[in-house]
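Listed below are the residues making up each chain.
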Amino acid sequence: MHEKRTTQREGSVVAESDQATWSRLCVGDPEALTAIYERHVDTVYNFAFRRTASWSVAEDAVQATFSTLWRRARGGGLSPLRLTSARPLLLTMAGHECANLLRSQRRRARLLHRLRPSPDAADHAPRVAERVDDERQMSEVRRAMRDLPRSQREAIELVVWAELSIAEAAEALGVADGTVKSRLSRGRKRLETLLGTPVDKEREA
Amino acid sequence: MSGTVLLPAERKLPTHRRDQILRSILSDEEPVRSTTRRARWIAPIAVASVAALVAVGAIALADRDAGAPSDSPPAVTTSDDAVPLDLGPLSQAEIGSELETFGIDASEPLDRYEFFFARRIDGPDGPIPVIVMSTPPGPYVYKAGDLRGNSVPDAPTAQRPIRGMDMPLDLAQAVYTGTPDYWKAAGLYRVAESVDRVEVRVGTPGGPEPWRVATPHGGFVFWATWFETADYESGTELTLELRAFDADGEPIDPGLIPDPPRTITVPGGSNS
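Positions within a chain are numbered from 1, following the residues in the order the chain's sequence is written. Naming scheme: in the order in which they are written, chains are lettered from A and ligands are numbered from 1. Totals for whole chains, interfaces and linings use all residues, but because this is a predicted model, local features are given only for residues with pLDDT of at least 70 and pairs of side-chain atoms are given and counted only at 80 or more.

### A word on the overall build of chain B
- A count of helices and strands for chain B gives three helices and 17 strands.
- Counting only contacts in chain B whose residues sit at least 6 apart along the sequence, the fraction spanning at least 24 positions is 74%. In this description a helix means any DSSP run of H or I spanning at least four residues, a strand means any run of E spanning at least two, and both kinds are numbered starting from the N terminus. Whether two residues are in contact is decided by their C-beta atoms, placed from the backbone, lying within 7 Å.

So, in structure tokens, the structure goes:
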């Protein structure tokens, strides 16, 4: 998938690919970070939500992912982008950050479990309620996904939900295209068997 | 759920958070460089074995007071995406439960035993309890999940601050029987006080996994790393790397680490 965005420069519209922006990022250009961030922040945010079933953890994952990216860029540790899009790499990084955050969250949860809930803690604002509904719904999906091997879960997350191409997912996972296809196929079948429903990306309006 | 796997609708990161996060990242003028970035990377060497491996160390006789469990997992300063293995101390109830597997009645006073290491260590199937204790005047014992033993390697020295056993054991068979999907390597090292942490990771064709960080307690450190064999085609070569650091964040000579880097040939997994 080609990632191009238009930017206004000196009155003309300039399209810059992810690869070009990434090249500037590799030398620590803050404008390049801003551009990459603006292009992909919502993709990372939604990917992290589907991985963690928590919008607030997803926000933390966004921060951690782009912070890591920026540190690496400024430290000279970024390699040129091999694909046309930065998304596969960003989602791989986000996956690592989600794992770290979930571990921290589990530790906090164990602590909070010992504390009595405050009657004032509930927030019934509609927006909060919607987020809670989302999280409950996503948790159900994650529970079903737990019965799949991680490799198949990742293939579904990247290709079906995050809409990476097979080649992009293969690059992100470090495997061959055919491996992604077979994992995806096995994962779909297994999940459909578990749920009795198709797993194509269908979302609430 | 019915009809489809219904995902919640995608959302945009709220504008104020979007701006706040970006500002926060960009305002960090000084690049954050972890001490581990100075570490020397270890070149992999080939070994024939594809079995999971555990190098089991022994008990630090001179480091007993360091074994007192702290209340929380240790703070770890390491590379950006490092993952702590230590999930905190075992509770008294958990220790009691583990002791019963040694045939020790946990309702008896436990002060005649000395605990060097009683921690919850992350693993592919969730945390496992790892205990190293002495049963005076009897032998020292360790237990890591279902694996146990009482071998006692030599004490660490200034010249050899990290000690393991020479004989590798197959932890996959010992601990993870029934979960053949995983390959795991783990080890219990006996370490000098100068050793701050041990880190381990698996290198894959798509890039290395994050470092997993193991923190010493009571003169011991238990490290572990793993991957799902189904993630890789049979025959894929991965690398297993370990490194260690002192309290100043300086890397310890890789030659002093008992388990040298090695290549792992994936034994099973998908052939698709």
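Now, onward.
### So, the overall build of chain A
- Helix and strand content of chain A: eight helices and three strands.
- Secondary structure elements in chain A, listed N-terminal to C-terminal, are β-β-α-α-α-α-α-α-α-α-β.
- To assign burial, the other C-beta atoms lying within 10 Å of each residue's own C-beta are counted, with C-beta atoms placed from the backbone; 20 or more indicates buried, 12 or fewer indicates exposed, and intermediate counts indicate partly exposed. By the burial criterion, 39% of the 205 residues in chain A qualify as buried.

### Notes on helix 6 (residues 150–161) of chain A
- Those residues of helix 6 of chain A that sit buried are S151, Q152, E154, A155, I156, L158, V159 and W161 of chain A.
- Looking one or two places after helix 6 of chain A, you find E163 of chain A, whose phi comes out positive at around 60 degrees.

### Here's the deal with the confidence of the model for chain B
Residue and element names in this part refer to chain B.
- Residue-level confidence of the predictor is summarised by pLDDT, bounded by 0 at the bottom and 100 at the top. Summary statistics for chain B give a mean pLDDT of 69 and a share of 67% for residues scoring 70 or more.
- For chain B, the element scoring lowest by mean pLDDT is strand 2 (residues 54–56), at 31; strand 14 (residues 212–214) scores highest, at 91.
- Residue range residues 29–80 is modelled with pLDDT below 50. Its contacts to residues more than four positions away, or to other chains, number 137 contacts.
- pLDDT under 50 marks residues 167–179. Its contacts with residues more than four places away, or in other chains, come to 28 contacts.
- The ipTM, which scores confidence in the relative placement of chains, is 0.78 for this predicted complex, and the corresponding pTM is 0.46.

### Brief notes about unusual backbone geometry
Residues and elements named next belong to chain A.
- Phi angles above zero are rare outside glycine, and A53 is one such case at about 60 degrees.
- Note on placement: A53 falls in the loop between helix 2 (30–52) and helix 3 (55–74).
- A positive phi angle, close to 60 degrees, is found at E163, a residue other than glycine.
- For E163, the position within the fold is in the loop between helix 6 and helix 7 (166–173).

### Structural notes on the pairing of strand 7 (residues 140–144) of chain B
Residues and elements named next belong to chain B.
- Examined bridge by bridge, strand 6 (residues 128–134) and strand 7 share five bridges and lie antiparallel to one another. Bridge pairing in strand 7 places M133 opposite V141.
- Sheet analysis places strand 7 next to strand 8 (residues 147–149), joined by three bridges and oriented antiparallel. Along strand 8, the bridge assignment pairs Y142 with G149.
- For two strands to count as paired, DSSP must find a minimum of two bridges between them. Hairpin connection between strand 7 and strand 8: a loop of two residues separates the two successive antiparallel strands, and G145 in this loop has a positive phi of roughly 60 degrees.

### Some points on the environment of E31 of chain A
- With respect to the element layout, E31 of chain A can be found in helix 2.
- It is 8.8 Å that separates the C-alpha atoms of E31 of chain A and T21 of chain A, two residues lying 10 residues apart in sequence.

### Notes on the environment of V62 of chain A
- In this structure, V62 of chain A sits in helix 3.
- Along the backbone, V62 of chain A and T43 of chain A are 19 residues apart, and their C-alpha atoms lie at a distance of 9.6 Å.
- With near-sequence residues (within four places) excluded, V62 of chain A lies in contact with V41, V44, Y45 and A48 of chain A together with L13 and I21 of chain B.

### Section: the sheet that holds strand 6 of chain B
All names here are of chain B.
- Here we have five strands laid out as an open sheet, ordered 4-5-6-7-8, and antiparallel in their pairing. Of all the strands in the sheet, the pair left with one neighbour each is strand 4 (86–89) and strand 8. Within this sheet the neighbouring strands show an average axis-to-axis angle of 15 degrees, counted without direction.
- In this sheet, strand 5 (residues 114–121) lies alongside strand 4 in antiparallel orientation, the contact comprising two bridges. Its bridge partner lying in strand 5, D86 is registered against I121.
- To obtain each axis, a line is fitted to C-alpha atoms, and for helices this fit is confined to the stretch in contact; angles are then taken between N-to-C directions over 0 to 180 degrees. Sitting on the sheet, helix 2 (residues 92–101) is in contact with strand 5, strand 6 and strand 7, with an inclination near 75 degrees to strand 6.

### Overview of the packing of helix 1 (residues 18–26) of chain A against helix 2 of chain A
All names here are of chain A.
- Between helix 1 and helix 2, the least distance of the axes is 7 Å, while the angle of their chain directions is 135 degrees. Viewed along their axes, helix 1 and helix 2 adopt a mutual orientation that is oblique. Considering only the axes of helix 1 and helix 2, their crossing is left-handed. Mapping the contact onto sequence places T21, R24 and L25 in helix 1 and A32, L33, A35 and I36 in helix 2.
- All residues other than Ala, Val, Leu, Ile, Met, Phe, Trp, Tyr, Cys, Pro, Asp, Glu, Lys and Arg, Gly among them, are scored as polar; the first ten of these are nonpolar and the last four charged. Per-class residue counts for the contact of helix 1 with helix 2 are five nonpolar, one polar and one charged. Under this scheme an angle from 65 to 115 degrees is roughly perpendicular, one under 35 degrees roughly parallel, and one over 145 degrees roughly antiparallel; angles in between are oblique. In this scheme the handedness of a crossing depends on how the near helix is turned from the far one: anticlockwise by less than a right angle means left-handed, clockwise means right-handed.

### Description of the environment of I264 of chain B
- Structurally, I264 of chain B can be placed in strand 17 (residues 262–265).
- It is 5.0 Å that separates the C-alpha atoms of I264 of chain B and L238 of chain B, two residues lying 26 residues apart in sequence.

### Some remarks on the pairing of strand 6 of chain B
All names here are of chain B.
- Within strand 6, five of the seven residues are buried, which leaves it mostly tucked inside the rest of the structure.
- With seven bridges joining them, strand 5 and strand 6 adopt antiparallel strand pairing. Bridged to I121 within strand 6 is I128.
- Adjacent in sequence and paired antiparallel, strand 5 and strand 6 are bridged by six residues, among which G126 carries a positive phi angle near 105 degrees.

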